[in-house]
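# Structure assessment
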Amino acid sequence: MNTILKLEHIQKYYGNEGNITKAIRDIGFSVEAGEFLGIMGPSGSGKTTLLNCISTIDTVSAGHIFLDGTDVTEIKPKSLARFRRENLGFVFQDFHLLDTLTISENIALALAINKTPAKDVEPRISDIAQTLNIGDILNKYPYQVSGGQKQRCACARALINHPKLLLADEPTGALDSHSAQMLLSTIQSIHEHLGATILMVTHDAFTASYANRILFLRDGEIFTELCKGSDSRKNFFHKILHVLTIIGGQSHVC
């Protein structure tokens, strides 16, 4: 298998000498191409900080992060935005859609920023819209569609440039349980049918049960990991709940 993401001895400190907070103490792991990895842990465990470092939104205090062989900790600040655009896709809890643009135009924005030739824009939007089952709402505006449809639009925008890694930060956090379930099925099909490599941060055991493997963080370190293997999603869900009970993570059942 091809390793897409590799973290080596990542540390992240905040503050100055007199008052240092160690958000990440010493974390290392790899993600293979086509893997769906979940990251869980209680508040303050370092999961959001870790995601921000991987996404180059934040910088590490020590250690190295390699994305498809490129050491992102060595990229110069002026080159980071381009690196993010060309290699990473993002799905956030808040949809970050522009209300003055149609669903189609919101998706097209990602192509325009990457200077995609005009003749390729419509076919690519149509293609991803069919995959995510939003072909019938492309001409509508965000305020005219449901939360679940907005989130699928956000997924389309994140995937349209074929990123090497899709980063999802609490993707179901702003959705009701029905929309959350629909979105998770969508993410699962993105993973299975498009072979996308996904790294998802979540506090919710039901959401996490869609991943293949989960890293549990506690106090800035990896506490343990769970692999789904041949487990059913229901069995995996109960194993996740068990670990969360031990480390003090919060969860609810959708």
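Scroll up to find the structure this text is about.
Residues numbered from 1 in each chain as written. Predicted model: local features only at pLDDT ≥ 70, side-chain atom pairs only at ≥ 80, totals over all residues. Heavy atoms only, no water.

A tally of regular secondary structure across the protein chain gives eight helices and 10 strands. Its C-alpha atoms give the protein chain principal-axis dimensions of about 55 × 45 × 35 Å. Across the 254 residues that make up the protein chain, the buried fraction comes to 48%. In the protein chain, the share of contacts with a sequence separation of at least 24, taken over all contacts with a separation of at least 6, comes to 69%. (Helix = DSSP H or I, 4+ residues; strand = E, 2+ residues; numbered from the N terminus. Buried < 20%, exposed > 50% of the residue type's maximum accessible area, 1.4 Å probe, protein only. Contact = heavy atoms within 4.5 Å.)

Looking now at the sheet that holds strand 10 (residues 221-227). An order of 6-7-8-3-9-10 is seen for the six strands of this open sheet, with the pairing classed as mixed. Of all strands in the sheet, those with a lone pairing partner are strand 6 (88-91) and strand 10, marking the two edges. Neighbour-to-neighbour, the strand axes of the sheet open up by a mean angle of 20 degrees, direction not taken into account. The pairing of strand 3 (residues 36-40) with strand 9 (residues 213-218) spans four bridges and is parallel. By the bridge assignment for strand 9, Ile39 is matched with Leu215. Most of the contacts of helix 2 (residues 77-87) go to strand 6, to which it runs at about 80 degrees, and overall it touches strand 6 and strand 7 (165-169). Here helix 5 (residues 147-159) sits on the sheet and contacts strand 6 and strand 7; the angle it forms with strand 6, its principal contact strand, is near 170 degrees. (Pairing = 2+ DSSP bridges. Axes fitted to C-alpha atoms, helices over the stretch in contact; angles between N-to-C directions.)

Summed over all chains, the structure comprises eight salt bridges. We note a salt bridge from Asp231 to Lys239, for which the minimum N-O separation is 2.6 Å. Look at Lys239 and you get partly exposed, because its relative accessible area is 39%. Taken together, the salt bridges that share partners define one network made up of Glu35, Arg213 and Glu225. (Salt bridge = Lys/Arg side-chain N within 4 Å of Asp/Glu carboxyl O.)

Its identity as a non-glycine residue notwithstanding, Asp68 has a phi of 50 degrees, on the positive side. Tracing the backbone shows Asp68 in the loop between strand 4 (62-67) and strand 5 (70-71).

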